[in-house]
Amino acid sequence: MKGMSNFTPSREFLYNAWYVAGWASDLAAGDRVGRTFLEQPIVLFRTEVGEVGALEDRCCHRAMQLSHGQVCGNQIRCTYHGLEFGRNGICTRIPAQDKVPATARVRSYPIVEQDSLLWIWMGDPALADENLIPRHPIHSDPRFAWRSAHFAVNGNWQLLVENLMDLSHLPYIHPKTIGGNPELHFKTKTETTRLPNGVRVVRRMPSSTPPPTYVAARGFEGLVDRWQEIEFEPVLIRIHTGACDAGTGAYDGNRDHGFSMIGFHGITPETATTTHYFWSISTNALQNGIPDLVYQQTADTFREDQEVLELQQERINADPDRIMIDIASDVGARQAKQLIRRLIREEQDREIENAA
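Residues numbered from 1 in each chain as written. Predicted model: local features only at pLDDT ≥ 70, side-chain atom pairs only at ≥ 80, totals over all residues. Heavy atoms only, no water.

Undergrad: Break down the sheet that holds strand β2 (residues 32–37) for me, citing the residues and quoting the values.
TA: The sheet built from three strands is open, its strands ordered β2-β3-β4 with antiparallel pairing. Each end of this open sheet is capped by a strand with a single partner; those strands are β2 and β4 (52–56). Averaged over neighbouring strand pairs, the angle between their axes works out to 25° when direction is ignored. Sheet topology places β2 next to strand β3 (residues 40–46); six bridges connect them, and they run antiparallel. Looking at β3, one finds that Thr36 is bridged to Pro41. (Pairing = 2+ DSSP bridges. Helix = DSSP H or I, 4+ residues; strand = E, 2+ residues; numbered from the N terminus. Axes fitted to C-alpha atoms, helices over the stretch in contact; angles between N-to-C directions.)

Here it is in structure tokens:
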């Protein structure tokens, strides 16, 4: 892959895609943070005028981590010998000499701030089309309040994809928040559709008992018509769940009077067995304290998922070649993984052609 220096791409990952690198609020002017994406150490920083940069976290002089340096104006300075680098990775100053050689540079990564998120491109920079960055305008929609978080998950990124694409686990893992009756979940028809660059899963649960979070947020007193709508695209998942009083038009698109939760799930591999999970939850229940309640119960729910993923990873590490079976509710996750495999194959074929 062009511009990868001595880095050897792993078959575990898709490189030519926009990944979430963090929340815009993670970096105030003059801040920097070191993170690893797709097994590559990166320093993210915001200049003193507010522009965001992403460089490999390794000074070209003596391999010091730039994330331990300081942001000075529009540059990031290595804390070891004071070399300074711009957002393009080019060294602009070496304190011990007047001339800066052309070889004094580090790899830079395309990074864009959009919808309160930081998006990074880890593959061939020539293919980084900003118009392809997934949008999430709900973060600026005044009809919704939202909260966000970043979880470090000790599990493979595709385990998280599987977890979010199949919500039939809700009554077992999350009975005290967004779960519900297990029999209802497994009897619910799942409609799965392949999209040009993704997978959509729709589940409807008419005339069902609302789960605890829904009651607390909207005060439902009777049965509700619930929905679960999941969309995957490389590499994120959006989930719109909610309910209206039964028979009031939820399945005809009349949902403004009901309760909605819209989840954003940015899934960024750190290594083959660890994952950055950047998520937000938006709700149209704006009463005092309700958005915080929804956030806290959502965070509790996702912590339960995190525990499951990490327990899975422990067993997979112990016997990585052991086959796992699929069941009927895996259809959405299976199609998402098939799409990922196809894109990785196409990426590898393109690399072979370019090398020929």
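Undergrad: Outline the pattern of salt bridges, listing residues and values.
TA: Using the criterion set out here, one finds 14 salt bridges in the structure. The salt bridge partner of Glu84 is Arg77, with a shortest N-O separation of 3.0 Å. The class of Arg77 is partly exposed, set by a relative accessible area of 29%. As a salt-bridge pair, Arg342 and Glu346 come within 2.9 Å of each other at their nearest N and O atoms. Of the two residues, Arg342 and Glu346 are both situated in helix α6 (residues 331–355); the distance of four residues between them amounts to about one turn of the helix. Through salt bridges that share partners, Arg77, Glu84 and Arg93 make up one connected network. (Salt bridge = Lys/Arg side-chain N within 4 Å of Asp/Glu carboxyl O. Buried < 20%, exposed > 50% of the residue type's maximum accessible area, 1.4 Å probe, protein only.)

Undergrad: If you had to explain helix α1 (residues 157–165) to someone new, which residues and values would you point to?
TA: Within α1, eight of the nine residues are buried, which leaves the element mostly enclosed by the surrounding structure. Residue Asn156 occupies the N-cap position of α1, its side-chain oxygen lying 2.8 Å from the main-chain nitrogen of Gln158. (Polar contact = N/O pair within 3.5 Å; in protein donor to acceptor, adjacent residues only side chain to side chain.)

Undergrad: For the state of the cysteines, give the residues involved together with the corresponding values.
TA: Here the structure, examined in full by the defined rule, presents zero disulfides. Not part of a disulfide, Cys60 finds its nearest cysteine sulfur in Cys59, a span of 4.8 Å. The structure places no disulfide on Cys91, whose sulfur is separated from the nearest cysteine sulfur, that of Cys60, by 5.8 Å. You can call Cys91 buried: its relative accessible area is 5%. (Disulfide = S-S within 2.5 Å.)

Undergrad: Requested: an account of α6, with residues and values cited.
TA: Counted at 1.5 Å a residue, the expected span for α6 with its 25 residues is 36 Å, and the 36 Å between its end C-alpha atoms agrees. By the burial criterion, the buried members of α6 are Val331, Gly332, Ala333, Gln335, Ala336, Lys337, Leu339, Ile340, Leu343, Ile344, Glu347 and Gln348. Taken together, the buried residues of α6 touch α1, β12 (190–195), β13 (198–208) and β14 (224–233). (Expected span 1.5 Å × (residues − 1). Contact = heavy atoms within 4.5 Å.)

Undergrad: Explain the side chain of Glu84 residue by residue, including any values.
TA: Examined against the element boundaries, Glu84 turns out to sit in strand β7 (residues 84–85). Of note is the side chain of Glu84, whose polar atom sits 3.0 Å from the side chain of Arg77. Setting aside residues up to four positions removed in sequence, Glu84 forms contacts with Gln75, Ile76, Arg77, Ile90, Cys91, Thr92 and Arg93.

Undergrad: Pulling in residues and values, what's your account of the environment of Met205?
TA: With respect to the helices, strands and loops of the structure, Met205 is situated in strand β13. A C-alpha to C-alpha distance of 39 Å links Met205 and Glu347, two positions 142 residues apart in sequence.

Undergrad: With reference to specific residues and values, describe the confidence of the model for the protein chain.
TA: Per-residue confidence for the protein chain gives a mean pLDDT of 90, with 92% of residues at or over 70. Within the model, pLDDT remains below 50 along residues 1–5, and this stretch shows 14 contacts once partners closer than five positions in the same chain are excluded. (pLDDT = per-residue confidence, 0-100.)

Undergrad: Residue-level account of the packing of aromatic side chains, with values.
TA: For the structure shown, the criterion picks out eleven aromatic pairs. Their ring planes at 35° and their centres at 5.8 Å tell us that Trp23 and Trp146 sit as a pair that is tilted. With Trp23 in strand β1 (residues 18–23) and Trp146 in strand β11 (residues 145–153), this pair connects stretches of sequence that are 123 residues apart. Taking the relative accessible area as the measure of exposure, Trp23 reaches 2% and is therefore buried. Take Trp146: its relative accessible area is 23%, and that puts it in the partly exposed class. Judged by centre distance (5.1 Å) and plane angle (70°), the ring pair of Tyr214 and Phe259 falls under edge-to-face. Here Phe259 lies in strand β16 (residues 259–269) and Tyr214 lies in helix α4 (residues 212–218), a separation of 45 residues in the sequence. Like Phe259, Tyr214 is buried. Taken together, the ring pairs connect Phe151, Tyr277, Trp279, Tyr295 and Phe302 into an aromatic cluster. Note that Arg255 overlies the ring of Trp227, its terminal NZ or CZ placed 4.0 Å from the centroid. The ring centre of Phe151 lies 3.7 Å from the NZ or CZ of Arg303, which sits over that ring. (Phe/Tyr/Trp six-rings, centres within 6.5 Å; stacked < 30°, edge-to-face > 60°. Lys NZ or Arg CZ within 6 Å of the ring centre and 35° of its normal.)

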